[in-house]
Each structure stands twice: as C-alpha cells, then as structure tokens.
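# Per-entry structural report
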Amino acid sequence: MTDFLWLMYLGFMGTTAIWFLIKGKYKNNITRLDFVISIITWLGLFGFVTETEMLTPLVWKIVFVFGLIWDVIFTIFFAERFAGDFGLEEEEEPMPLAAKLSGLIFVLPLYYGIFRYAF
C-alpha cells in the first residue's frame, strides 16, 4: 500500500510539472529555475520510490538542502508575485506568511523521500 501511495504522489508531481511545461507557464528566469529544480527533485524522488541508484548520495544530499531552501524562498518571496502567471487570481492584500508556508506542506513528502534517498 505504501509503495502505491508513493507511486501516486510521484505521478502527480511529474504530471503537474509536465502540465506547467506544456501550458507554457515558465515565462521568466525565476519560474524556469523553479522548473529545473522541480525536475531534479522529482528525479530524486523517482530514485527513492523505484529504488534505483542514480548518481551518488552526496549529490542527493546537496539536492535535498538546496531544493528545500529554494522551495521555501520561492514560496515566501516569489510565488505570490507569479500567481497571475499560473492562472491564479491575485489578491489585493498580501498573503500572510503562515498561508504561504502552508503551501509547503504539499512538498513535504517530496523532501522526505529525497532525504531517505540521500541519507
């Protein structure tokens, strides 16, 4: 059952990244960098879920640290700015920090898997 849930999460993450790529939502350098980091972290999760050895654990330790830092920075400073690029309505008032950070809950399994894969 656990393997099935991991495969579903892996598929959802991959499908989401491909959907954003096909829809052309990566229009500037920040969102392109976010896409590249998303693909790299997805590959780490893929390696964890399928128990496939890719690269070395040191590489995945670096990916874990920098990917997590990037997701926090992107969520806090950039996600609201690019909400219109992703078809989301922009609000008049700035989003509270707690609301921004709650979006990180979605990627917790991703970084848990990369952590387990790296360490």
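Cut-offs and rules
Residues numbered from 1 in each chain as written. Predicted model: local features only at pLDDT ≥ 70, side-chain atom pairs only at ≥ 80, totals over all residues. Heavy atoms only, no water. Helix = DSSP H or I, 4+ residues; strand = E, 2+ residues; numbered from the N terminus. Buried < 20%, exposed > 50% of the residue type's maximum accessible area, 1.4 Å probe, protein only. Contact = heavy atoms within 4.5 Å. Expected span 1.5 Å × (residues − 1). Arc of directions from axis to C-beta. Axes fitted to C-alpha atoms, helices over the stretch in contact; angles between N-to-C directions. Parallel < 35°, antiparallel > 145°, perpendicular 65-115°, else oblique. Left-handed = near helix turned anticlockwise from the far one by under 90°. Polar contact = N/O pair within 3.5 Å; in protein donor to acceptor, adjacent residues only side chain to side chain. Nonpolar A, V, L, I, M, F, W, Y, C, P; charged D, E, K, R; others polar.

For the rest of this paragraph, the subject is the overall build of the protein chain. Per the secondary structure count, the protein chain includes five helices and zero strands. The proportion of buried residues among the 119 residues of the protein chain is 34%. For the protein chain, the share of sequence-separated contacts (at least 6 apart) that also reach a separation of at least 24 residues comes to 75%.

With 22 residues, helix 3 (residues 57-78) should reach 32 Å at 1.5 Å per residue; the first-to-last C-alpha distance of 30 Å fits that figure. Taken together, the buried positions of helix 3 are W60, V63, F64, G67, W70, D71, F74, T75 and F78. One side of helix 3 holds all its buried residues, which, seen down the axis, span an arc of 155°. Exposed residues lying more than 90 degrees from the buried face of helix 3 are L58, F66 and F77. Where helix 3 is buried, its residues meet helix 2 (29-50), helix 4 (97-102) and helix 5 (108-118).

Here we come to the environment of T56. Relative to the assigned elements, T56 resides in the loop between helix 2 and helix 3. Between the alpha carbons of T56 and Y117 there is a distance of 9.9 Å; along the sequence they are 61 residues apart.

Another point: the side chain of D71. Structurally, D71 is set in helix 3. Residue D71 is classed as buried on the basis of its relative accessible area of 12%. Sequence-distant contacts of D71, defined by excluding residues within four places in its chain, comprise D34, L104, V107 and Y111.

With their axes 11 Å apart at the nearest point, helix 1 (residues 2-22) and helix 5 run at an angle of 115° to one another. It follows from the interaxial angle that helix 1 and helix 5 lie roughly perpendicular. Crossing angle aside, the handedness with which helix 1 passes helix 5 is left-handed. Here W6, Y9 and M13 of helix 1 lie close against helix 5, whose contacting residues are P109, L110, Y112 and G113.

Relative to the elements of secondary structure, T41 occurs in helix 2. Not counting chain neighbours up to four residues away, the residues in contact with T41 comprise V63, G67, L110, Y111 and I114.

Taking 1.5 Å of rise per residue, 22 residues should cover 32 Å, and helix 2 covers 31 Å from first to last C-alpha, within 8% of that figure. Packing partners of the buried residues in helix 2 comprise helix 1, helix 3 and helix 5. Two or three places before I30, at the opening of helix 2, N28 has a side-chain oxygen 3.2 Å from that residue's backbone nitrogen. Downstream of helix 2 by one or two residues, E51 has phi in the positive range, about 55°.

This part takes up the packing of helix 3 against helix 5. Packed helices, taken two at a time, are described by the angle their axes make and the gap between the axes. Close contact between helix 3 and helix 5 brings their axes to 8 Å; oriented N to C, the two are set at 155°. One way to sum up the angle between helix 3 and helix 5 is to call them roughly antiparallel. Crossing of helix 3 over helix 5 shows left-handed handedness. Contacts from P57, W60, K61, F64, G67, L68 and D71 of helix 3 reach helix 5 at Y111, I114, F115, Y117 and A118. A per-class count over the contact of helix 3 with helix 5 returns nine nonpolar, one polar and two charged.

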